[in-house]
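# Examining the three-dimensional arrangement
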Amino acid sequence: MGFADAPAMAAEILSVRSATLLQIGDQNRSYGIQLACLSVPESSQQEALGWMQKHGPRGTKVNLRPISNHDGMLVAKVRVLKTGQDLGEAMVAEGLASPIPCGDGLPSS
């Protein structure tokens, strides 16, 4: 079973490390997650970081859909359990990020 076939995993946001990098915990583990399928331009980094801190604060319960692993970093789609909002898709919809094809490497942050 590849990443594309992997089931979603429940987790909790522990911190927002950058506009596209989250520290996630599930039960007894903590690890970094890179948001998949988007790129945030340098000019939007601060605004995107603020947006992510507002929409993904500490304690937010999320589902992760793994896409790939890049240099030991899990790249995944992240969906807020309470609202069903995909954080990456929402950042694109807000104009803070651009979509990129999934699986084409690590999105820039």
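So, here is what we can say about the structure in this document. (Residues numbered from 1 in each chain as written. Predicted model: local features only at pLDDT ≥ 70, side-chain atom pairs only at ≥ 80, totals over all residues. Heavy atoms only, no water.)

## Some thoughts on the nonpolar core
- Counting 26 residues, the largest nonpolar core has Leu22, Ile24, Leu64 and Met91 as the members making the most contacts within it.
- When residues of this core are traced back to their parent elements, those giving at least two are strand E1 (9–16), strand E2 (21–26), strand E3 (29–35), helix H1 (45–55), strand E5 (61–70), strand E6 (73–80) and helix H2 (87–93). (Core = buried A, V, L, I, M, F, W, Y, C linked by side-chain atoms within 4.5 Å. Buried < 20%, exposed > 50% of the residue type's maximum accessible area, 1.4 Å probe, protein only. Helix = DSSP H or I, 4+ residues; strand = E, 2+ residues; numbered from the N terminus.)

## Thoughts on the state of the cysteines
- Overall, the coordinates contain one disulfide when judged by the stated rule.
- Between Cys37 and Cys102 runs a disulfide, and the two sulfur atoms are separated by 1.5 Å. Given an S-S torsion of about 110°, the disulfide between Cys37 and Cys102 has right-handed geometry. With Cys37 in the loop between E3 and strand E4 (38–39) and Cys102 in the segment after strand E7 (98–99), this residue pair connects regions lying 65 residues apart in the sequence.
- Among the residues examined, Cys102 registers a relative accessible area of 39% and is labelled partly exposed. (Disulfide = S-S within 2.5 Å.)

## A word on the environment of Gln53
- Along the chain, Gln53 turns up in helix H1.
- Between the alpha carbons of Gln53 and Ser18 there is a distance of 9.0 Å; along the sequence they are 35 residues apart.

## Remarks on unusual backbone geometry
- For Cys37, which is not glycine, the phi dihedral falls at a positive 70°.
- The exposure class of Cys37 is buried, given its relative accessible area of 12%.
- Of note, the phi angle at Asp71 is positive, near 50°, even though the residue is not glycine.
- With a relative accessible area of 75%, Asp71 lands in the exposed category.

That is the geometry; function is a separate question.
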